[in-house]
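In case you want the letters, here they are:
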Amino acid sequence: MKHHNPIITEMFDAKQFAKMGHQLIDLLAAHLDANIAGKSKVLHWKIPSVEDSNWNVPLPQTSSINPKGLLEKLSQEILPNNLAIHHPKNMGHQVACPLPMAALCDLVASLTNQAMAVYEAGPIATMLERQVVRWLCALINETTWHNAGGVLTSGGAQANLTALLVARQVSTSKANPSSNLWKDGIAQQSALRILASEHAHYSVSRAAGLMGLGTDSVIKIATDQRGKLDVNALKTAHQTCLENKETIIAVVANAGCTPTGSIDPLQAIGEYCQGHNLWFHVDGAHGASALLSGIHREKLSGIALADSVVWDGHKLMYMPAAVSAVLFKNEQHSYAAFSQDASYLFQGNSHEDEAFNLSYRTLECTKRMMALKLWAAFSLYGTAGMGALVDEAFAKAKTFAEKIQAQSHFELLMKPETNIVCFRYLHAYSNQAQANKHQNDIRQHIIQSGAFHFTQVDLHGVTWLRTTLMNPFTTEQDLEELLARVALAAQAVFSMAK
Ligand SMILES: Cc1ncc(COP(=O)(O)O)c(C=O)c1O
């Protein structure tokens, strides 16, 4: 199709798209293959300010690159210098090495750009989302979650915010039925509190800040040796809030906390919340995917007692970012987060029709067709295939923990419950600060070499090296090599310090 302006013709040229698309897919397939085979470095470390100056060029006024040049730029500069996410020695963040078929679905989502705020701006995108949400709710519990529902959001942080907005609206109107906090604001409210595990993701405190409650409104509940929320500490904190006449808007438990992957005692917390009429939110961004595994599902026993659950697709469901679900046991609650009108969008529809206009229930107005990739993955591989990925990741973490325990110069933080393993190098350090600095230096030494990528975490003043084992192609040999590298780096760092 020709436009009178040649540049516009070129921009929308379907033939060019097909030609370049084929080449791009070939390029990406080779990149994927090489990554999985571990052929390159995991990370080509460069000092950020140096890299920044390399990418600081004047804004092009006219074409500065042709399609072939764009492919070259991708293959020579962009792809090799990104973090190699499918590399077996990439063990850093809780970010999936995405399923290639899901990545293809994201291309469809990009080109078709279904805005999704209202049904007519993405009819099938809406249906796919409703289907995926129903599947996820059924995985939580087919019986007690049969009236459940929710939406997909761009990330777990936003999903936590959405759930806590609902919790606030529901809990405050329970405490004072004539109040409408969404409309009136928080000024008239008594002190509102969130009781959350000390290991809650920072998005929980951030949500409190965003909601105008102040981050101090989040009361951190201690965890035990295995990183699990201490139910007695929760009860004590609850009692103190009651004595202070504070309104609790939610109890937040982790199903796979960020630092260690530990799963809180969901059954006990859920029963306590039910008994005391408290909103129970489970942040399962990381670990809710254990529901897909016949072996590990039991670890989440009690999750169905939750009023709301957050579950990330781009973690253990191996989706490209971002796709998260915020799910409510009672679907009607999902309308409580954003009780606001936008007449140009929602034209006095009946409540039933509103169910198809998703932006009633999410912060986003325009959002991506996020469900396609999840729908495709479940359709292609079933829960059996998706669960196999979880089994593989959790088994690898167990193996790695055993290897760490078998070596005297390493300390394992705890037996992993999911796929996060924390450990540290042991030495006769003169104090904790020195021990912590050494772990940090070891990690910097290794990640800057490009041999492995992993993270670190500070817990109660102690720094731990932290691996998240996501990649099904990571071998036992890779895990042994990491420990050997850490030991070598420890010596190298010592000699550099001398
Ligand atoms: C437990 C937990 N909740 C929430 C989040 C935030 O999720 P996202 O990065 O998808 O916004 C994370 C991220 O790692 C997490 O570990």
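Before reading further, recall that the structure is shown in the block above.
From a predicted model like this one, the values you see are computed outputs, not experimental measurements.

### Topic: the overall build of the chain
Next, step 1: Broken down by element type, the chain carries 15 helices and eleven strands.
Next, step 2: Relative to a compact globule of 498 residues, whose C-alpha radius of gyration would be 23 Å, the chain shows 24 Å and is just as compact.
Next, step 3: Counting only C-alpha atoms, the chain reaches 75 × 65 × 45 Å along its principal axes.
Next, step 4: Expressed as a percentage of the 498 residues in the chain, the buried residues total 50%.
Next, step 5: A separation of at least 24 residues holds for 73% of the contacts in the chain among residues at least 6 apart in sequence.
Next, step 6: When the accessible surface of the chain is totalled, it reaches about 23,600 Å², and 55% of it is carbon and sulfur.

### Focus on the sheet that holds strand S11 (residues 462-468)
Next, step 1: The strand order across the open sheet formed by four strands is S8-S9-S11-S10, and the pairing between neighbours is antiparallel. Sheet topology places strand S8 (410-412) and strand S10 (455-459) at the edges, where each strand pairs with a single neighbour. Averaged over all neighbouring strand pairs, the angle between strand axes comes to 40 degrees, with direction disregarded.
Next, step 2: Relative to strand S9 (residues 420-425), S8 is paired through three bridges, and the arrangement is antiparallel. Within S9, the position partnered with leucine 412 by the bridge is phenylalanine 423.
Next, step 3: On top of the sheet, helix H15 (residues 476-497) reaches S8, S9 and S11; it is set at about 30 degrees to S9, its chief contact.

### Concerning the site of the ligand
Next, step 1: Taken together, 13 residues lie around the ligand, and Gly156, Ala157, Asp283, Asp312 and His314 are the ones closest in.
Next, step 2: One nitrogen or oxygen atom from the side chain of glutamine 94 is found 3.1 Å from an oxygen atom belonging to the ligand.
Next, step 3: Take histidine 314: an N or O atom from its side chain is 2.7 Å from an oxygen atom of the ligand.
Next, step 4: Out of a free accessible area of 390 Å², the ligand has 84% covered by protein chains.
Next, step 5: In terms of residues, the shell around the ligand owes the most to one element, helix H7 (residues 156-175), which gives three residues.

### A look at the state of the cysteines
Next, step 1: What the rule picks out here adds up to zero disulfides.
Next, step 2: Among the cysteines around cysteine 137, which has no disulfide bond, cysteine 273 carries the closest sulfur, lying 19 Å off.
Next, step 3: Its relative accessible area of 3% is what places cysteine 137 among the buried residues.

### Re the pattern of salt bridges
Note on pairing: side chains with opposite charge can pair once their charged atoms come close.
Next, step 1: Evaluated as defined, the whole model comprises 20 salt bridges.
Next, step 2: Here lysine 398 ties to glutamate 402 by a salt bridge, and the two come within 3.1 Å at their closest N and O atoms. Of the two residues, lysine 398 and glutamate 402 both sit in helix H13 (residues 371-405), four residues apart, roughly one turn of that helix.
Next, step 3: Taking the shortest distance from any N to any O, the salt bridge between lysine 403 and glutamate 480 comes out at 2.7 Å. Of the two residues, lysine 403 sits in helix H13 while glutamate 480 sits in helix H15, which places them 77 residues apart along the sequence.
Next, step 4: Each of Lys89, Asp478, Glu481 and Arg485 takes part in a single network of salt bridges with overlapping partners.

### A look at the pairing of S10
Next, step 1: Residues Thr455, Val457 and Leu459 point to one face of S10 and are all buried, whereas Gln456 and Asp458, pointing to the other face, are not buried.
Next, step 2: Across five bridges, the pairing between S10 and S11 is antiparallel. Residue threonine 455 lies in a different strand from S11, and its bridge partner there is arginine 466.
Next, step 3: Counting the residues in the hairpin turn of S10 and S11 gives two residues, including histidine 460, whose phi is positive at 45 degrees.

### Topic: the packing of helix H2 (residues 14-36) against helix H4 (residues 67-81)
Next, step 1: The geometry of H2 relative to H4 is characterised by a closest axis approach of 11 Å and an angle of 15 degrees between their N-to-C directions. Considering the angle they form, H2 stands roughly parallel to H4. Taken as a pair, H2 and H4 cross one another with a handedness that is right-handed. Residues Gln16, Met20, Gln23, Leu24, Leu27, Leu28 and His31 of H2 touch H4, and the partners they reach there are Pro67, Leu70, Leu71, Leu74, Ser75 and Leu79.
Next, step 2: Class assignment of the residues belonging to the contact of H2 with H4 gives a composition of nine nonpolar, four polar and no charged.

Definitions and cut-offs
- Residues numbered from 1 in each chain as written.
- Predicted model: local features only at pLDDT ≥ 70, side-chain atom pairs only at ≥ 80, totals over all residues.
- Heavy atoms only, no water.
- Helix = DSSP H or I, 4+ residues; strand = E, 2+ residues; numbered from the N terminus.
- Rg over C-alpha atoms; globule rule 2.2 N^0.38 Å.
- Buried < 20%, exposed > 50% of the residue type's maximum accessible area, 1.4 Å probe, protein only.
- Contact = heavy atoms within 4.5 Å.
- Areas by Shrake-Rupley, 256 points an atom, 1.4 Å probe, with all protein chains shown as cover.
- Pairing = 2+ DSSP bridges.
- Axes fitted to C-alpha atoms, helices over the stretch in contact; angles between N-to-C directions.
- Near = heavy atom within 4 Å.
- Polar contact = N/O pair within 3.5 Å; in protein donor to acceptor, adjacent residues only side chain to side chain.
- Disulfide = S-S within 2.5 Å.
- Salt bridge = Lys/Arg side-chain N within 4 Å of Asp/Glu carboxyl O.
- Parallel < 35°, antiparallel > 145°, perpendicular 65-115°, else oblique.
- Left-handed = near helix turned anticlockwise from the far one by under 90°.
- Nonpolar A, V, L, I, M, F, W, Y, C, P; charged D, E, K, R; others polar.

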